[in-house]
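# Architecture at a glance
Chain residues, written in single-letter form:
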Amino acid sequence: MLIGRGEHLERIDAMLRAAREGRPSAVRLVGGPGMGKTALLDEAAESAQSAGLRVARFVALEPEQRTPGAALGVLLRHLGSPNLPSTQSALLQALSAASADGPLLLLLDDVHWLDAQTVASVSFAIRRLLVDPVAVLMAGRPQIDRVAVLEPIPRLDVPPLTDEQGVQMLHEVAPQIPRVTAEAVARSLAGVPLALSEVTHLLPEDVLLGRAPVPDPLPVSTAVQDRYAEGFAALDERARWSAVLLAVDLTGEALVIDDAMQAAGLSRADLHAGEAAGLVRLSPTPEFVHPLARAAVHSAASAAEVRKANRILAMVTAALGRDESLRHRAASAAAPDLGLASDLEDYARRLAVHPASRAAAGEAALLAAQFAGDPAQRTRLRLAAASYAGASRARGIVEELLAGDLTDDDRARCLLILVEHDDDSIGQGMFRRSSARSADAASQLDALDRLRLSSDVAVQVDNWRAWLAMETLDRSSLLSAVRRLEARASPDDGWEALVARGQALTFLGDHRRAVDVLRRAVFLTDQVDPASLRPDQLISWSVAPGWLMDDDRYHAQRFRRMEQLLRATGEPENVVSAAFFRSERARREGEWGRAESLLREALELSGLIGSPDFTSAARLACLMAYQGRKAEVDELLESAAQHSTGWSRWNSYWFLQARGALTLTLGDPQQAIAVLAPFRDLPFAGRGSRDHVAAGLTELAEALVATGARSEAAHVAEQLAQRLDGVVDPYGLALVSRSRGLAQGSEALLREAVEHMHRTTEVFETARSYLLLGEHLRRARQPKSAREWLHRALTGFQEVSAVPWVERTSQDLAAAGDRPVGRPREVSELTPQETRVALAVADGLTNAEVAQQLFLSVKTVEFHLGRVFRKLDVRSRGGLGKVLVEQGLG
């Protein structure tokens, strides 16, 4: 029984009981060094094993805290999932698999030494476990609270023992010690359990028997680690050497340790002396009894011993094909080592191909730089490391580089990396960056004007100028950037440069030139393997045809491939982007239930990773606006407004368009005119025909016609036509024809709009075009023709559950002498998470595949699926698909 830890043991018992009952739980033990956190983990492990739980235990190592994913890879192997990529969702999958056959206790010690990527994965997994029999008990020092993502996990402090508890503990270890001596020792050691448990081994016998005074200070009062160092120093040569090998090993695996012992002419028997000295435990895998013991041995070993151990482990891990071989090799090498630098650089390149391992690629490149032969090579490798790394790591690398001597090109590359990473949001970055960040980035780019840059670097700078000008809706800066890009244009321009230039021209409303540039860009992207691209490049590759609105290539080919690759990274921020773009396809094709589910997935995941996704929020607001869901739209807009400092100007206009669409949908055209009026004066052309500018002007023209202001509506229609002059997108051509047709009362133009819409995948907007044509024909006393188009409109509106539009169309049908067929689809009672699970199952995915795609465990998927079956009264996966189709979700 641990003294003074009754509350902690009760909490541990409750966690184990919950796991046996199939419920997850997690607790973090927080206390200073030596407070008994490891002892509590030992007690938890013993209790769990006695109760039949599987136990997995991991101790973080200080030297690995700066290596992203270093701990996660080892942890996945401990859980029996060594082949999972080290992504943020990997631990969730591994825990689910490990607990499939019975309850699991995961023990994590020294969490304060975990690298940031592993901490994020731990936090993410704990928050996504719902019905899995998993208990997670972690222990760390108070620094643990510096990691914000762990704050939601229940905390249990592990304080010092009271003086009386300290005396009790000393008497258990050394019953002969007089009480007065025990009280003095307990006070001196300030209730630190580890120090109290070790002090009796270090005090002279006269002190223990009360014949001599208690020394001041006590031998362990400065550092308990000294006790382990002394134990190490007392070992014979073979035992000492075996302890060094164990301390240097990066895998924590029995196979690696045994092979290394054999290569060094040792065996596990040589660790027995270390066990007797209280340094190591041998079962089931050799390990140190406490992280302080490992640290003490590693520090006390000579530099030559550490290098020799790393050479042996490099050889062993290389023979096993393990990635740790390069790190062991690096730890044993002397700089410079051109061969090692080359091998590490090649390894970094291989890792960088896969988005999930780009952070590890950055660390490999940074390590390679340490062994480079000259300053230019070191700079090149450190720049590569920064380009692979995540935002905070990249900024640190670049700031160190900028403090030294650099060529103008390298200085520019550093600043470009800062600009690229100066965004805490998700996805492509465009239209997601806050105005303040965009202004800072623009200022950094302006500083490059003083440098003499090569043509290639100058083009990269101008590409970024164009992106930032579009983010900030700065027409003047965008014109300047386009002039620079065109001045440097050449037949050898790559697809990324062409996409940037084509999008900039589109933004300026110069669609005729934009179309030519984008067509060349799309031709080049057809020759690119998307699997080789970074996530941001992948999104640009995918949406390039979208700026031309080539729906077939955009949707049928690019979107699906992009979604697969983004989700395959296993990183939530990439899945947010995948969900958003997939929702766009679903929205256009009339699967509004699926679109809403995907947008809510994006919002939920972006919330989990602490990066609000205003783009998805704005699109969801638009979707619900057309369904007349006023209370939900108001709530969403109010919530977004509370974080309005994070909006880009682009997002603010999407929210404005959603508000205008809602007022028009609810039959208040006068209010819609007031809301949408700012779209008339925007000093930019926008993204083309599928953005809020075109949508806002189209809604405004319709609202003006509804109030009888046809001449003003005609003016707005011409504004729209001017902005879209030269577009090849049939959707844009349809909007122009429809707005003009409404303003002029022209049947021919309204029919022309319908024909253009037939060349798109837009269900809702096609139905609106049918409705407006049908209403025109009814007013023109052509009821038979009107009914044909109104019935088509009704079908489309019912498909997307746009209830106000269904009601408006039904009224028009009644006025035309007909009754509507069918009725609005019922709204499902499924929660957003249940909807996502149901849709994925209806798509033919297995429960395991659904779990991986939605960042859930298999048991959580089974839990939600059971609720779905009960709510929808279905008994099979096939029956589920039919019901979803009937309710407009399939």
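Predicted model only: the values in this text are computed from it and were never measured.

Let's shift gears to the pairing of strand β4 (residues 134–140). Judged by how many residues are buried, β4 sits mostly within the fold: 7 of 7 residues are covered. Going residue by residue along β4, you find V134, V136, M138 and G140 tucked away on one face and A135, L137 and A139 tucked away on the opposite face as well. When strand β1 (residues 25–30) meets β4, the two strands line up parallel, connected through 6 bridges. Paired with V27 across the two strands is L137, which belongs to β4. Looking at chain direction, strand β3 (residues 104–109) and β4 are connected through 5 bridges and run parallel. Residue L108 lies in a different strand from β4, and its bridge partner there is M138. A crossover links β3 with its parallel partner β4, the connecting element being helix α5 (residues 116–128), and its sense is right-handed.

On to the packing of aromatic side chains. According to the stated counting rule, one finds 9 aromatic pairs in the structure shown. Considering the side-chain rings of F580 and F581, the 5.2 Å spacing of their centres and the 75 degrees angle between planes classify their relative orientation as edge-to-face. Geometrically, the ring pair formed by F764 and W805 is edge-to-face, given 5.7 Å between the ring centres and 85 degrees between the ring planes. Taken together, the residues span a long stretch of sequence, with F764 in helix α39 (residues 763–779) and W805 in helix α41 (residues 803–815) at a distance of 41 residues. Taking relative accessible area as the criterion, F764 reaches 3% and is therefore assigned buried. W805 sits in the buried class, given a relative accessible area of 2%. Site record: aromatic cluster; members linked through ring pairs are W592, Y626, F764, F797 and W805. The positively charged end of R558 is found above the aromatic ring belonging to W541, 4.4 Å away from the centroid. Above the face of the W654 ring, R619 is positioned so that its terminal group lies 4.2 Å from the ring centre.

Applying the stated criterion across every chain, the model contains 62 salt bridges. E21 is the partner of R23 in a salt bridge, and the nearest nitrogen-oxygen pair spans 2.4 Å. Between E486 and R513 there is a salt bridge, with its nearest N and O atoms 2.4 Å apart. Placement of E486 in helix α24 (residues 475–488) and of R513 in helix α26 (residues 511–525) is noted, with a sequence separation of 27 residues between them. Beyond isolated ion pairs, a larger network of salt bridges with shared partners links E563, R567, R582, E591, R594, E601 and D843.

Attention now moves to helix α17 (residues 338–352). For α17, built from 15 residues, the straight-helix expectation of 21 Å at 1.5 Å per residue is met to within 8% by its first-to-last C-alpha distance of 21 Å. By the burial criterion, the buried members of α17 are L340, A341, L344, E345, Y347, A348, L351 and A352. Along α17, the residues classed as buried sweep out an arc of 165 degrees about the axis, all on the same side. Pointing more than 90 degrees away from the buried face of α17 are the exposed residues L338 and R350. Of the surrounding elements, those touching the buried residues of α17 are α16 (324–332), α18 (358–370) and α19 (375–388).

Now for the side chain of Q503. In this fold, Q503 is placed in helix α25 (residues 495–507). In this view, Q503 contacts W467, M470, L518, V543 and W547; residues no more than four positions away in its chain are not counted.

Attention now goes to the confidence of the model for the chain. Residues of the chain with pLDDT of at least 70 account for 90%, and the chain-wide mean is 84. pLDDT under 50 marks residues 823–827. Its contacts with residues more than four places away, or in other chains, come to 12 contacts.

Within the element layout of this structure, L402 appears in helix α20 (residues 391–402). Residue class for L402 comes out partly exposed when judged on its relative accessible area of 22%.

Another aspect to go through is the nonpolar core. If you look at the biggest cluster of nonpolar residues, it comprises 155 residues, and the most contacted ones within it are L445, L478, F507, F684, F764 and F797. Here this core gets 10 residues from one element, more than from any other, and that element is helix α31 (residues 614–626). Residues within four places of L445 in sequence aside, it is in contact with L416, V419, V461, W464, R465 and L468.

With that settled, the discussion passes to the sheet that holds β4. Strand order in the open sheet made by the 5 strands is β2-β3-β4-β1-β5, with parallel pairing throughout. The sheet is open, and its two edges are formed by β2 (54–59) and β5 (155–157), each paired on a single side. Strand-to-strand twist in this sheet, taken as the mean axis angle between neighbours without regard to direction, amounts to 15 degrees. Two strands pair when backbone bridges link them, and β2 and β3 are joined in this way by 6 bridges, in the parallel orientation. Paired with R54 across the strands is L104, a residue of β3.

Notably, D110 is not glycine yet its phi reads approximately 55 degrees, a positive angle. Here D110 shows up in the loop between β3 and α5. Within the chain, S801 stands out as a residue other than glycine whose phi angle is a positive 55 degrees. Considering the arrangement of structural elements, one finds S801 in the loop between α40 (783–799) and α41.

Turning next to the pairing of β1. Among the 6 residues of β1, 5 are classified as buried, and the element is accordingly described as predominantly covered. For β1 and β5, the ladder comprises 3 bridges, and the chain directions are parallel. What sits directly across from L29, in β5, is L156.

On to the environment of R17. Its place among the elements puts R17 in helix α1 (residues 6–20). Residue classification places R17 among the partly exposed residues on the basis of a relative accessible area of 40%. Sequence separation of R17 and A51 is 34 residues, and the distance between their C-alpha atoms is 9.1 Å.

We now examine α31. Along its 13 residues, α31 runs 19 Å from first to last C-alpha, staying within 8% of the 18 Å computed at 1.5 Å per residue. α31 sits mainly inside the fold: 13 of its 13 residues count as buried. Phi for G628, located one or two positions after α31, is positive at around 75 degrees.

The next thing to look at is the packing of α40 against α41. Between two packed helices, the angle of one axis relative to the other and the distance separating the axes together describe the packing. Across the interface, α40 lies against α41 with an axial gap of 9 Å and an inter-helix angle of 160 degrees. When the interaxial angle is binned, α40 and α41 end up roughly antiparallel. Note that α40 runs across α41; the crossing there is left-handed. Residue-level contacts link R787, L790, H791, A793, L794, F797 and Q798 of α40 to W805, V806, T809, S810, D812 and L813 of α41.

Right, let's get into the packing of α31 against helix α32 (residues 630–641). Look at α31 against α32: their axes get within 9 Å of each other, and the N-to-C directions meet at 160 degrees. The angle between α31 and α32 places the two elements in the roughly antiparallel class. Crossing angle aside, the handedness with which α31 passes α32 is left-handed. For the pair formed by α31 and α32, the contact residues are F614, A617, L620, A621, M624 and A625 on the first element and E632, V633, L636, L637 and A640 on the second. Partitioning the contact of α31 with α32 into residue classes produces 10 nonpolar, no polar and 1 charged.

Calculation criteria
- Residues numbered from 1 in each chain as written.
- Predicted model: local features only at pLDDT ≥ 70, side-chain atom pairs only at ≥ 80, totals over all residues.
- Heavy atoms only, no water.
- Buried < 20%, exposed > 50% of the residue type's maximum accessible area, 1.4 Å probe, protein only.
- Helix = DSSP H or I, 4+ residues; strand = E, 2+ residues; numbered from the N terminus.
- Pairing = 2+ DSSP bridges.
- Right-handed = clockwise from strand over helix to strand, strands pointing away.
- Phe/Tyr/Trp six-rings, centres within 6.5 Å; stacked < 30°, edge-to-face > 60°.
- Lys NZ or Arg CZ within 6 Å of the ring centre and 35° of its normal.
- Salt bridge = Lys/Arg side-chain N within 4 Å of Asp/Glu carboxyl O.
- Expected span 1.5 Å × (residues − 1).
- Arc of directions from axis to C-beta.
- Contact = heavy atoms within 4.5 Å.
- pLDDT = per-residue confidence, 0-100.
- Core = buried A, V, L, I, M, F, W, Y, C linked by side-chain atoms within 4.5 Å.
- Axes fitted to C-alpha atoms, helices over the stretch in contact; angles between N-to-C directions.
- Parallel < 35°, antiparallel > 145°, perpendicular 65-115°, else oblique.
- Left-handed = near helix turned anticlockwise from the far one by under 90°.
- Nonpolar A, V, L, I, M, F, W, Y, C, P; charged D, E, K, R; others polar.

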